[in-house]
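Examining the three-dimensional arrangement
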Amino acid sequence: MIRFFAKNDIVTIIGLLLYALIIKGYILFYPTLYYPNELDSLIGHVFFSFGNGGLITRFILTSLFIFTQAMQINSIANDNRMYHSQSGFAGLFYILLTSLAPEYMSISPALVGMSFLLLAIQSVYGVNKKSNVTKKIFNASVMIAIATIFYPPYAIMFIGLFIELIILRSFTFKEQLQYVVGFLVMFWITGVMLYYFDQLSFEFLSAISIGGSLNLLIIEDFIDIAGMFLISILVLYVLLSYYGYQKKKEVETRKKIDFLYWILILSLVGLLV
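Residues numbered from 1 in each chain as written. Predicted model: local features only at pLDDT ≥ 70, side-chain atom pairs only at ≥ 80, totals over all residues. Heavy atoms only, no water.

1. With respect to the side chain of Thr148
What counts is decided by this rule: Secondary structure elements follow DSSP: runs of H or I of four or more residues count as helices, runs of E of two or more count as strands, with numbering from the N terminus. In protein, a polar contact requires one atom able to donate a hydrogen and another able to accept it; more generally it is a pair of N or O atoms within 3.5 Å, and residues adjacent in sequence count only if both atoms are side-chain atoms.
Inspection of the secondary structure assignment puts Thr148 in helix H7 (residues 133–150). One polar contact links the side chain of Thr148 to the main-chain amide nitrogen of Ala155, over a distance of 3.4 Å.

2. Re the packing of aromatic side chains
In plain terms, the rule: Two aromatic rings from Phe, Tyr or Trp, using only the six-membered ring of Trp, form a pair when their centres are within 6.5 Å; if the ring planes differ by under 30 degrees the pair is stacked, by over 60 it is edge-to-face, and anything between is tilted. Residue burial is assigned from relative accessible area. The probe radius is 1.4 Å, only protein chains are included, and a residue is buried under 20% of its type maximum, exposed over 50%, and partly exposed in between.
Taken as a whole and assessed by the stated rule, the structure comprises 8 aromatic pairs. Both rings, one in Phe116 and one in Phe150, keep their centres 6.1 Å apart while their planes meet at 10 degrees; by these two values the pair is stacked. Placement of the pair is Phe116 in helix H6 (residues 109–125) and Phe150 in helix H7, with a sequence separation of 34 residues. Note on Tyr151 and Tyr154: the rings are 5.1 Å apart at their centroids and 65 degrees apart in plane angle, and the pair reads as edge-to-face. For the pair Tyr151 and Tyr154, one class covers both residues: buried.

3. A few points about the environment of Thr148
Relative accessible area serves as the criterion here: at 6%, Thr148 is assigned to the buried category. When the C-alpha positions of Thr148 and Phe116 are compared, they lie 9.0 Å apart, and in sequence the two are 32 residues distant.

4. Thoughts on the nonpolar core
Where a protein is soluble and globular, its nonpolar side chains tend to be buried together. What counts, and what does not: We call a set of buried Ala, Val, Leu, Ile, Met, Phe, Trp, Tyr and Cys residues a nonpolar core when their side-chain atoms join them within 4.5 Å. When checking whether two residues touch, look at their non-hydrogen atoms; a contact exists if any pair is within 4.5 Å.
Of all hydrophobic cores here, the largest spans 58 residues; its most connected members are Ile95, Tyr104, Ile144, Tyr154 and Leu161. Sorting the residues of this core by element identifies helix H1 (10–23), helix H4 (55–79), helix H5 (89–98), H6, H7, helix H8 (157–168), helix H9 (173–196) and helix H13 (251–272) as the ones contributing at least two each. Sorting elements by how many residues they give to this core places H7 first, with 11 residues. Here Ile144 is in contact with Leu117, Ala120, Met157, Phe158, Leu161 and Phe183, once residues within four sequence places are set aside.

5. Comments concerning H5
Ala90, Gly91, Leu92, Tyr94, Ile95 and Thr98 are the residues of H5 that are buried. At its buried positions, H5 is contacted by H1, H4 and H6.

6. Some words on the confidence of the model for the chain
Which entries qualify depends on this criterion: pLDDT expresses, on a scale from 0 to 100, how confident the predictor is about each individual residue.
In this model, the chain carries a mean pLDDT of 76, and residues with pLDDT of at least 70 account for 74%. The model gives residues 211–218 a pLDDT under 50, and that stretch makes 17 contacts with residues more than four places away or in other chains.

7. Here's the deal with the packing of H6 against H8
Here is the rule: What counts as an axis is a line fitted to C-alpha atoms, over the stretch in contact for a helix, and the angles between N-to-C directions run from 0 to 180 degrees. Every angle not falling under 35 degrees, over 145, or within 65 to 115 is termed oblique; those three ranges are roughly parallel, roughly antiparallel and roughly perpendicular. Handedness of a crossing follows from how the near helix is turned relative to the far one, being left-handed for an anticlockwise turn of less than a right angle and right-handed for a clockwise one. Here the term charged refers only to Asp, Glu, Lys and Arg, the term nonpolar to Ala, Val, Leu, Ile, Met, Phe, Trp, Tyr, Cys and Pro, and the term polar to all other amino acids, Gly among them.
At a closest axis distance of 10 Å, the pairing of H6 and H8 adopts a crossing angle of 15 degrees. Considering the angle they form, H6 stands roughly parallel to H8. With respect to the hand of their crossing, H6 and H8 are arranged in right-handed fashion. For the pair H6 and H8, contact is made by Leu117, Ala120, Val124 and Tyr125 and by Met157, Leu161, Glu164, Leu165 and Leu168, respectively. Considering only residue class, the contact of H6 with H8 consists of 8 nonpolar, no polar and 1 charged.

8. Considerations on the environment of Ser115
For Ser115, the position within the fold is in helix H6. Ignoring sequence-local partners within four residues, the contact set of Ser115 consists of Phe65, Gln69 and Gln72.

9. A few points about the side chain of Gln72
The topology assignment puts Gln72 in helix H4. Note on Gln72: relative accessible area 12%, which makes it buried. Those residues within four positions of Gln72 in sequence are excluded, and the remaining contacts are Ser115, Leu118, Leu119 and Gln122.

10. Some words on the packing of H4 against H5
At a minimum axis separation of 7 Å, H4 and H5 run at an interaxial angle of 140 degrees. When the interaxial angle is binned, H4 and H5 end up oblique. As H4 runs across H5, the sense of the crossing is right-handed. On the side of H4, the interface is formed by Ile66, Gln69, Ala70, Ile73, Asn74 and Ala77, while H5 contributes Phe89, Ala90, Gly91, Tyr94, Ile95 and Thr98.

Listed below in structure tokens is the structure:
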């Protein structure tokens, strides 16, 4: 069956959609509600404090978000020649891994924010082309801001994208300023909107954490332990395979792979801060 994902064509797209529906199908039999916690932003609390919607709605939204993110990851991997040939394996394994992360069990701020984080990565990977560089840098910072607005721990990726821009190009002071301004402008717009609707609470904002999600991890049964163990093994394998991924790759592709490792390292740091 895995051979259906060996190419990047319409069959792969249909296969990823069906796979996402199957993986998230357990929502229909074991309903999972998401409850806002201290890692969620004010936007997250506002969106999810009124409930998670009906069972079918949660299933459809979760499946569609996972599917579109898998397609985004496939596009990043294939467009930047990270494989020897075009395939759908990146999206396939992403969908599988989402079944191990509690934040992706159902529709949640972390799941929604991930879509904007991937859009930011796609924008940054396009800055090596000379056209619309300013627009792509600004868009990347705006997307990171939106991802952070939904799920504050994603804020650490602001540093990761900044590092990648330095690696990929001569990141001038003007471009750095545009990157920072794009990030701040989105927060200003969001703050104005929240203030207008009388939803802005500085006491509430001060209680929100931007890291340390590992502290909220609850181990309830053997499945949780097995999931953590599998993810730990995969992370260790990826870290040890760094030089293998770099072999026989173009310089530009190596730089982009380096960025993915920066994201991995910053994510691990974000768990512990």
